[in-house]
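Analysis of the macromolecular model
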Amino acid sequence: MKSTRQCSRTSCALPAAATLTYVYEDSTVVVGQMAAQAEPHSYDLCADHAERFTAPRGWDVVHIHQDLVDPGPSPDDLDALARAVREAGRPPAPVAPAPPSAPVASEPRRGHLRVVSSEG
């Protein structure tokens, strides 16, 4: 599937090709393969910005080398898409009826016992 996400850099309209993630515990920045979904604490970068990225002073940068070109959909992507479309087209499962509720205190009980009056 083609990427519809754009580079996170200001005023860059190029399509994203890599994902940048900060690992604060290790003072490390990882630039690697584009994540399948946009994550709130990572940044999508175009190929140019991913190649030229530099980290803050004192931080290490780990570039996971790869071809920063979108290879298009794989057979697994197409299979997952087909399954999702089939699932979305199914009618919803019927809901089982709720069990009858217990009688409220103001309602007379209809059990096998009866009140028999001693008068009479």
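Up top is the structure these notes are about.
Now for a quick tour of the structure. (Residues numbered from 1 in each chain as written. Predicted model: local features only at pLDDT ≥ 70, side-chain atom pairs only at ≥ 80, totals over all residues. Heavy atoms only, no water.)

Re the overall build of the protein chain
Within the protein chain one finds two helices and four strands. Element order for the protein chain, N to C, with α for helix and β for strand: β-β-β-α-β-α. Relative to its full complement of 120 residues, the protein chain shows a buried share of 18%. Within the protein chain, contacts between residues at least 6 apart in sequence are counted, and of these 59% link residues at least 24 apart. When the accessible surface of the protein chain is summed, it comes to about 10,300 Å², and 55% of that surface belongs to carbon and sulfur atoms. (Helix = DSSP H or I, 4+ residues; strand = E, 2+ residues; numbered from the N terminus. Buried < 20%, exposed > 50% of the residue type's maximum accessible area, 1.4 Å probe, protein only. Contact = heavy atoms within 4.5 Å. Areas by Shrake-Rupley, 256 points an atom, 1.4 Å probe, with all protein chains shown as cover.)

Re the sheet that holds strand β1 (residues 18-23)
Reading across the sheet, the four strands line up as β3-β1-β2-β4 and stay open at both edges, with mixed pairing between neighbours. Looking along the sheet, the strands with just one partner apiece sit at the ends: β3 (42-45) and β4 (60-63). Adjacent strand axes in the sheet meet at a mean angle of 20 degrees, parallel and antiparallel pairs treated alike. In this structure, strand β2 (residues 28-33) lies alongside β4, joined through four bridges in parallel fashion. Note on β4: the bridge partner recorded for Val29 is Val61. (Pairing = 2+ DSSP bridges. Axes fitted to C-alpha atoms, helices over the stretch in contact; angles between N-to-C directions.)

Observations concerning the state of the cysteines
Per the counting criterion, the structure on display carries zero disulfides. Free cysteine Cys12: the closest other cysteine sulfur is in Cys46, separated by 3.8 Å. A residue is classified by how much of its surface remains accessible, and Cys12, at 12% relative accessible area, is buried. (Disulfide = S-S within 2.5 Å.)

Points about the side chain of Thr28
Assignment of secondary structure puts Thr28 in strand β2. A polar side-chain atom of Thr28 sits 3.0 Å from the main-chain carbonyl oxygen of Asp26. Excluding its chain neighbours within four sequence positions, the residues that come into contact with Thr28 are Thr21, Tyr22, Val23, Trp59, Asp60 and Val62. (Polar contact = N/O pair within 3.5 Å; in protein donor to acceptor, adjacent residues only side chain to side chain.)

Structural notes on the packing of aromatic side chains
For the structure on display, the rule yields four aromatic pairs. Ring plane angle 25 degrees and centroid distance 5.8 Å describe the contact between Tyr22 and Tyr24, whose orientation is recorded as stacked. For Tyr24, a relative accessible area of 61% gives the class exposed. Through a chain of ring-to-ring contacts, the aromatic side chains of Tyr22, Tyr24, Tyr43 and Trp59 assemble into a single cluster. (Phe/Tyr/Trp six-rings, centres within 6.5 Å; stacked < 30°, edge-to-face > 60°.)

Remarks on the pattern of salt bridges
Evaluation of the coordinates by the stated rule reveals two salt bridges. Measuring nitrogen to oxygen at the nearest pair gives 3.2 Å for the salt bridge that ties Asp48 to Arg52. Separated by four residues within a single helix, Asp48 and Arg52 lie in helix α1 (residues 47-52), roughly one turn from each other. (Salt bridge = Lys/Arg side-chain N within 4 Å of Asp/Glu carboxyl O.)

Structural measurements only, silent on function.
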